[in-house]
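These are the residues of each chain, in order.
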Amino acid sequence: GSSHSVYAKYIDAKTIFPSVNSTKKDYKIKGVLTITLARNGEGLVKPGDTVYFTITYSESVTENLELWYNGAKLGDEDGSASTSITFDESDVGENNVSIRFLGNDEFDACVSNNVTINVVKPLETTTSLELSSNEIIPGKNITITPKVVDENNNEVTIGVVKIYDNMYASNDAIATIN
């Protein structure tokens, strides 16, 4: 920012008279700082996951920066272009992350945009197989249909099921179903 001095003078139509009791004030004009916070990547966030963020500053600052999480200060930042948070079980639900700049001689205080992170607790699943025939005859086909349900007995319709045959010593799947 730049400094400016401000003072008053009385100006008459005929003559300029300096104000007798003029008070001189010095004002500093501060620059404007903007901060943008962005999540790196997409997808579900589960307890134990670390989420990385990119931070963009319109001007270089290295102090008076704080990482805020759900309305509370989580830690200090140093002006670097990235940060991260590791989420745990207590974070299940909607979480808001932002960067706050407390201000200094050059720039006024400001707050970045909020980034919302939804942390979800994965549900336990059970997988069962249905066979078109319980009798397996060499050279004849059978149909294997997997069924996956969550701990609330709701059918899970996304994901991949791999089918293994424990007769073979190999850990390779004999079928993959999307």
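Residues numbered from 1 in each chain as written. Predicted model: local features only at pLDDT ≥ 70, side-chain atom pairs only at ≥ 80, totals over all residues. Heavy atoms only, no water.

Student: Give a description of the pattern of salt bridges that names residues and reports values.
Tutor: Tallying each qualifying case throughout the model produces four salt bridges. A salt bridge links Lys 73 to Glu 66; the shortest N-O distance between them is 3.6 Å. Judged by relative accessible area, which is 41%, Lys 73 ranks as partly exposed. Among the residues examined, Glu 66 registers a relative accessible area of 10% and is labelled buried. Notably, a salt bridge pairs Asp 76 with Lys 73, separated by 2.9 Å at the nearest N-O pair. One connected set of salt bridges, linked through shared partners, spans Glu 66, Lys 73 and Asp 76. (Salt bridge = Lys/Arg side-chain N within 4 Å of Asp/Glu carboxyl O. Buried < 20%, exposed > 50% of the residue type's maximum accessible area, 1.4 Å probe, protein only.)

Student: An account of the packing of aromatic side chains is needed here, citing residue identities and associated values.
Tutor: Enumeration according to the criterion identifies one aromatic pair in this entry. With 6.0 Å between their ring centres and 55 degrees between their planes, Tyr 69 and Phe 87 make a pair best called tilted. Of this pair, Tyr 69 sits in strand E7 (residues 65-69) while Phe 87 sits in the loop between strand E9 (82-86) and strand E10 (93-101); the two residues are 18 residues apart in sequence, bridging distant segments of the chain. Phe 87 carries the same exposure label as Tyr 69, and that label is buried. Here the guanidinium or amino end of Arg 100 rests over the ring plane of Trp 68, the centre of that ring lying 3.6 Å away. (Phe/Tyr/Trp six-rings, centres within 6.5 Å; stacked < 30°, edge-to-face > 60°. Helix = DSSP H or I, 4+ residues; strand = E, 2+ residues; numbered from the N terminus. Lys NZ or Arg CZ within 6 Å of the ring centre and 35° of its normal.)

Student: Please provide a residue-by-residue account of the sheet that holds strand E6 (residues 50-57), values included.
Tutor: Pairing in this open sheet of three strands is antiparallel, and the strands run E5-E6-E9 from one edge to the other. The open sheet is flanked by strand E5 (35-39) and E9, the only strands paired with a single partner. Between one strand and the next, the sheet's axes are offset by a mean angle of 25 degrees, whatever the strand orientation. Taken together, the five bridges between E5 and E6 define a ladder with antiparallel strand orientation. In the strand pairing of E6, Ala 38 is matched with Thr 54. (Pairing = 2+ DSSP bridges. Axes fitted to C-alpha atoms, helices over the stretch in contact; angles between N-to-C directions.)

Student: Which residues make up the layout of surface pockets, and what values go with them?
Tutor: The space that makes up the largest pocket amounts to roughly 290 Å³. In terms of lining residues, the largest pocket is bounded by 13 residues, among which Val 148, Val 156, Ile 158, Gly 159 and Val 161 are the most central. With three residues, strand E14 (residues 144-150) is the single largest residue contributor to the lining of the largest pocket. Per-class residue counts for the lining of the largest pocket are seven nonpolar, four polar and two charged. Counted as a void, the second largest pocket has a volume near 220 Å³. In this structure, the second largest pocket is lined by Leu 129, Leu 131, Ile 136, Lys 140, Asn 141, Ile 142, Ile 144, Ile 163, Tyr 164, Asp 165 and Ile 174. Classifying every residue of the lining of the second largest pocket gives eight nonpolar, one polar and two charged. (1 Å grid on protein atoms, 1.4 Å probe; cavity = no way out; pocket = protein on both sides within 12 Å on 5 of 7 lines; lining within 4 Å. Points joined across faces, edges and corners; volume = space filled by probe spheres on them. Nonpolar A, V, L, I, M, F, W, Y, C, P; charged D, E, K, R; others polar.)

Student: Let's hear about the environment of Val 45: which residues, and what values?
Tutor: The topology assignment puts Val 45 in the loop between E5 and E6. Here Val 45 falls in the buried class, since its relative accessible area comes to 2%. Sequence-wise, Val 45 and Ile 117 are 72 residues apart; in three dimensions their C-alpha atoms are separated by 7.6 Å.

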